[in-house]
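Below are the chains, spelled out letter by letter.
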Amino acid sequence: SSISDVQVSGEISGGSNTGGAVGRLGYLVTIRGVSTDVTVSGANSVGGVVGLVYGNTALYHLAAHGSVAGASYVGGVVGYVSGSYSYISIADSYSQADVEGSDYVGGLIGRGGNSTTSSHIHRAYSSGSVTGTGANVGGFVGGTGATAKDSYYDSESAGQSGDSFGAEPKST
């Protein structure tokens, strides 16, 4: 199944698995052309577009604006990538959202995977501020399981530095 060409704006609040367009996204789904301009707040797995993604999913041409706040697993586009033996592809996407949380906080993705799941990110960027109090906070990806190519984040606006799972820090 697929979701395509959706625009969402406004304020969204919830518990876990809260997203600007989709809370929880399951197996073999493709999302294409989703844009959000939202203020999202939740507990864990909170994202500007999707809160929780799992199971061989493809996300293309996503854009997040506004702000995203939660506890853990908080990201500008995706909060948490989970599942068993799954492959998640994210391409041609960006976040300009400001992201705030405690642990696993990232400009694009909060947590990019686990021991059996990974995110593969191509041609993406993030340029919002990224604030977190835990050990897993990054300008692009907060922690674990992600590989980025041809991607970058704005280190000045993010307030972060260093390589972020393959995404280069750049200054404006």
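These numbers were taken from a predicted model, which means no experiment stands behind them.

Participant: Sorry, what's going on with the pairing of strand β7 (residues 57–60) here?
Facilitator: Taken residue by residue, a regular strand's side chains alternate between the two faces of the sheet. Where strand β4 (residues 30–41) and β7 come together, three bridges link them in parallel fashion. Bridge pairing links Ile31 to Leu59 in β7. Taken together, the four bridges between β7 and strand β11 (residues 86–95) define a ladder with parallel strand orientation. Following the sheet pairing, Leu59 is matched in β11 by Ile90.

Participant: Looking at this model, I keep getting lost on the packing of aromatic side chains. Mind explaining?
Facilitator: Where two aromatic rings form a pair, the distance of their centres and the angle of their planes describe that pair. Tallied over the full model, the rule gives five aromatic pairs. Taken together, a centroid distance of 5.1 Å and an interplanar angle of 80° make the contact between Tyr27 and Tyr54 edge-to-face. One end of the pair, Tyr27, is in the loop between β3 (22–25) and β4; the other, Tyr54, is in strand β6 (residues 50–54), and 27 residues separate them in sequence. Classification of Tyr27 as partly exposed rests on a relative accessible area of 46%. A ring pair is formed by Tyr94 and Tyr125, whose centres lie 5.1 Å apart and whose planes are at 5°; its orientation type is stacked. One end of the pair, Tyr94, is in strand β11; the other, Tyr125, is in strand β15 (residues 117–126), and 31 residues separate them in sequence. Members of the aromatic cluster, each reached through a chain of ring pairs, are Tyr73, Tyr80 and Tyr104. Just above the ring of Tyr104 sits the side chain of Arg111; from NZ or CZ to the centre is 4.8 Å.

Participant: Is there a simple way to think about the sheet that holds strand β2 (residues 18–19) in this case?
Facilitator: Sheets are built from strands that pair by backbone hydrogen bonding, the pairs being arranged parallel or antiparallel. Here five strands make up an open sheet; going across it, the order is β2-β5-β9-β13-β17 and the pairing parallel. Two strands in the sheet have a free side with no partner beyond their single neighbour: β2 and β17 (137–138). In terms of strand pairing, strand β9 (residues 72–75) meets strand β13 (residues 103–106) through three bridges, oriented parallel. Considered in β13, the bridge of Val74 is made with Val105.

Participant: Help me understand the sheet that holds strand β10 (residues 78–82), please; the structure alone is not making it clear to me.
Facilitator: Taken together, the five strands give an open sheet; going across it, the order is β3-β6-β10-β14-β18, and neighbouring strands pair in parallel fashion. A single partner strand is all that each edge strand has here, and the edge strands are β3 and β18 (141–143). Between one strand and the next, the sheet's axes are offset by a mean angle of 20°, whatever the strand orientation. Where β6 lies against β10, four bridges are found, and the strand directions are parallel. Residue pairing across strands places Tyr54 opposite Ser82, the latter belonging to β10.

Participant: Hey, could you run me through the side chain of Thr36 in this one?
Facilitator: Among the structural elements, Thr36 can be located in strand β4. In contact with Thr36, other than residues within four places in its own chain, are Val8, Gly20, Ala21, Gly48, Val49, Ala63, Ala64 and His65.

Participant: Where do I start with the nonpolar core in this structure?
Facilitator: Nonpolar side chains in soluble globular proteins tend to end up buried together. By size, the foremost hydrophobic cluster in this structure holds 37 residues, and its most contacted members are Val50, Leu59, Val78, Ile121 and Phe140. Contributing elements (two or more residues each) for this core: β3, β4, β6, β8 (63–69), β10, β11, β15 and β19 (146–149). At four residues, the largest contribution of residues to this core is made by β4. If we ignore the near neighbours within four places in the chain, the residues touching Ile121 are Ile90, Leu108, Ile109, Phe140, Val141, Ala146, Thr147, Ala148, Lys149 and Ser151.

Participant: I would appreciate a short explanation of the pairing of β10 in the present structure.
Facilitator: Summarising burial for β10: five of the five residues are buried, a large majority. Relative to strand β14 (residues 109–111), β10 is paired through two bridges, and the arrangement is parallel. Along β14, the bridge assignment pairs Tyr80 with Arg111.

Parameters and conventions
- Residues numbered from 1 in each chain as written.
- Predicted model: local features only at pLDDT ≥ 70, side-chain atom pairs only at ≥ 80, totals over all residues.
- Heavy atoms only, no water.
- Pairing = 2+ DSSP bridges.
- Helix = DSSP H or I, 4+ residues; strand = E, 2+ residues; numbered from the N terminus.
- Phe/Tyr/Trp six-rings, centres within 6.5 Å; stacked < 30°, edge-to-face > 60°.
- Buried < 20%, exposed > 50% of the residue type's maximum accessible area, 1.4 Å probe, protein only.
- Lys NZ or Arg CZ within 6 Å of the ring centre and 35° of its normal.
- Axes fitted to C-alpha atoms, helices over the stretch in contact; angles between N-to-C directions.
- Contact = heavy atoms within 4.5 Å.
- Core = buried A, V, L, I, M, F, W, Y, C linked by side-chain atoms within 4.5 Å.

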